[in-house]
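This is what each chain is made of:
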Amino acid sequence: ANILCNNGDCNSNAAFMCHQAVEKALKAAGYIVDGRQYWGHRLYDLAVFVADRRPDLNEIVHIALELSHLRCDNEMPRYPDRWAPPGIPAISYDDVVINILSLTNQVLQHVSSLM
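Summarised in this report is the structure supplied together with it.

So, how was this worked out
- Residues numbered from 1 in each chain as written.
- Predicted model: local features only at pLDDT ≥ 70, side-chain atom pairs only at ≥ 80, totals over all residues.
- Heavy atoms only, no water.
- Helix = DSSP H or I, 4+ residues; strand = E, 2+ residues; numbered from the N terminus.
- Buried < 20%, exposed > 50% of the residue type's maximum accessible area, 1.4 Å probe, protein only.
- Contact = heavy atoms within 4.5 Å.
- Core = buried A, V, L, I, M, F, W, Y, C linked by side-chain atoms within 4.5 Å.
- Axes fitted to C-alpha atoms, helices over the stretch in contact; angles between N-to-C directions.
- Parallel < 35°, antiparallel > 145°, perpendicular 65-115°, else oblique.
- Left-handed = near helix turned anticlockwise from the far one by under 90°.
- Nonpolar A, V, L, I, M, F, W, Y, C, P; charged D, E, K, R; others polar.
- Phe/Tyr/Trp six-rings, centres within 6.5 Å; stacked < 30°, edge-to-face > 60°.
- Lys NZ or Arg CZ within 6 Å of the ring centre and 35° of its normal.
- Salt bridge = Lys/Arg side-chain N within 4 Å of Asp/Glu carboxyl O.

1. A look at the side chain of His19
Item 1. Tracing the backbone shows His19 in helix 2 (residues 11-34).
Item 2. According to the relative accessible area criterion, His19 is buried, its value standing at 1%.
Item 3. Excluding residues that lie within four positions of it along the chain, His19 makes contacts with His41, Leu43, Cys72, Asp73 and Asn74.

2. Considering the side chain of Thr104
Item 1. Examined against the element boundaries, Thr104 turns out to sit in helix 6 (residues 97-112).
Item 2. In this structure Thr104 touches Cys18, Ala21, Val22 and Leu67, once residues within four positions along its chain are discounted.

3. Description of the nonpolar core
Item 1. Core analysis: the largest hydrophobic core is formed by 29 residues, its most contacted members being Leu26, Leu67 and Ile100.
Item 2. Mapped onto this core, the elements with two or more residues apiece are helix 2, helix 3 (43-53), helix 4 (59-69) and helix 6.
Item 3. In this structure Leu26 touches Leu43, Leu46, Ala47, Val50, Ile60, Val107 and Val111, once residues within four positions along its chain are discounted.

4. Thoughts on the packing of helix 4 against helix 6
Item 1. In contact at an axis separation of 10 Å, helix 4 and helix 6 are set at 155 degrees when each is read in the N-to-C sense. As judged from the angle between their axes, helix 4 and helix 6 are roughly antiparallel. Crossing geometry of helix 4 relative to helix 6 is assigned as left-handed. Contacts between helix 4 and helix 6 pair Glu59, Ile60, Ile63, Glu66 and Leu67 from the former with Ile100, Leu103, Thr104, Gln106, Val107 and His110 from the latter.
Item 2. Looking at the contact of helix 4 with helix 6 residue by residue, the classes come out as 6 nonpolar, 3 polar and 2 charged.

5. Overview of the packing of helix 2 against helix 3
Item 1. Between helix 2 and helix 3, whose axes approach to 9 Å, the crossing angle comes to 25 degrees. Judged by the angle between their axes, helix 2 and helix 3 are roughly parallel. Helix 3 is crossed by helix 2, and the crossing has left-handed handedness. Across from His19, Val22, Glu23, Leu26, Lys27, Ala29, Gly30, Val33 and Asp34 in helix 2, the residues of helix 3 making contact are Leu43, Leu46, Ala47, Phe49, Val50 and Arg53.
Item 2. For the contact of helix 2 with helix 3, the per-class residue count stands at 9 nonpolar, 2 polar and 4 charged.

6. Looking at unusual backbone geometry
Item 1. The phi dihedral of Arg71 falls on the positive side, at around 65 degrees, and the residue is not glycine.
Item 2. Mapped onto the elements of the fold, Arg71 is located in the loop between helix 4 and helix 5 (89-92).

7. Notes on the packing of aromatic side chains
Item 1. On inspection of all chains with the given rule, the structure shows 1 aromatic pair.
Item 2. In this structure, Arg53 packs its charged tip against the face of Phe49, placed 3.8 Å from the ring centre.

8. Digging into the pattern of salt bridges
Any two side chains of opposite charge can pair, so long as their charged atoms come close to each other.
Item 1. Going through the model one piece at a time under the given rule, you end up with 6 salt bridges.
Item 2. Residue Glu23 is joined to Lys24 by a salt bridge in which the shortest nitrogen-to-oxygen separation is 3.5 Å.
Item 3. Given the relative accessible area of 1%, Glu23 is considered buried.
Item 4. The exposure class of Lys24 is partly exposed, given its relative accessible area of 45%.
Item 5. The partner of Asp45 in a salt bridge is Arg42, and the shortest N-O contact between them spans 3.3 Å.
Item 6. Judged by its relative accessible area of 27%, Asp45 is partly exposed.
Item 7. The network of salt bridges with common partners includes Glu23, Lys24 and Lys27.

In structure tokens:
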């Protein structure tokens, strides 16, 4: 995702990859703190699941909410029909992809503290 961001050509792909990285990290964290697999793709729900069991990780809830506000989810980067005209994923992440990448790195740092 970082390479795509630096290239500037595929910001919607970078946003999707960030979502996938955060989703997988939060699912791993959920398994570590609860011993069960969490089903679902919404970052906020995953973060709440983890933070409910580990209150010291409550910051990931705020980060996940911010990612959601930046349209970093499992549908918006992939489906043009989710955007109101004239928006399309290819250009809609140009202004926010660096923020998304930074927030992704924050979540990964928090989750790596569990391992």
